[in-house]
Amino acid sequence: MAGIDIEIKMPRRRAVVSINSYLSRKLGIPEGENPCYVLGIFQESSDDGPCAVAVYELGDGRVAYADPDAIRFVDIEDEVPL
């Protein structure tokens, strides 16, 4: 069977993600706010029921997810107020 080659293009939003001590050790990045790009907010299903997760990309290209409350968008600061 032939391989499938797909390129997905979607807008990314500049943000900062709050990293706790566990993720800091796991990802090897400083604790606190770290710059990232949010790829989207999705629904995750588990035994506890559905919940929202924000999927983000770090500056080094790694992708992770976090509670949307841990994300603060910074690209809206560039917009001109109406």
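Preceding block: the structure.
Summarised in this report is the structure supplied together with it. The model shown is predicted, which means the values in this text are computed figures rather than measured ones.

What about the packing of aromatic side chains?
Step number 1: Enumeration according to the criterion identifies zero aromatic pairs in this entry.
Step number 2: Across from the ring centre of Tyr-37, 3.9 Å away, lies the NZ or CZ of Arg-12, which sits over that ring.
Step number 3: For Arg-13, the ring lying beneath its charged end belongs to Phe-73, and the centroid distance is 4.0 Å.

Some remarks on the pattern of salt bridges
Step number 1: The full count for this structure, using the stated rule, is four salt bridges.
Step number 2: Across the salt bridge formed by Arg-72 and Glu-33, the nearest N and O atoms sit 3.0 Å from each other. One end of the pair, Arg-72, is in strand 5 (residues 71–73); the other, Glu-33, is in strand 2 (residues 32–46), with 39 residues separating them in the sequence.
Step number 3: A residue is classified by how much of its surface remains accessible, and Arg-72, at 36% relative accessible area, is partly exposed.

Considering the pairing of strand 4 (residues 63–66)
Step number 1: Every second residue of strand 4 is oriented toward a common face, the buried set being Ala-64 and Ala-66 and the non-buried set Val-63 and Tyr-65.
Step number 2: Between strand 3 (residues 49–58) and strand 4, which follow one another and run antiparallel, lie four residues, and Gly-61 among them has a positive phi close to 95°.

Cut-offs and rules
- Residues numbered from 1 in each chain as written.
- Predicted model: local features only at pLDDT ≥ 70, side-chain atom pairs only at ≥ 80, totals over all residues.
- Heavy atoms only, no water.
- Phe/Tyr/Trp six-rings, centres within 6.5 Å; stacked < 30°, edge-to-face > 60°.
- Lys NZ or Arg CZ within 6 Å of the ring centre and 35° of its normal.
- Salt bridge = Lys/Arg side-chain N within 4 Å of Asp/Glu carboxyl O.
- Helix = DSSP H or I, 4+ residues; strand = E, 2+ residues; numbered from the N terminus.
- Buried < 20%, exposed > 50% of the residue type's maximum accessible area, 1.4 Å probe, protein only.
- Pairing = 2+ DSSP bridges.

By themselves, these figures tell us nothing about what the structure is for.
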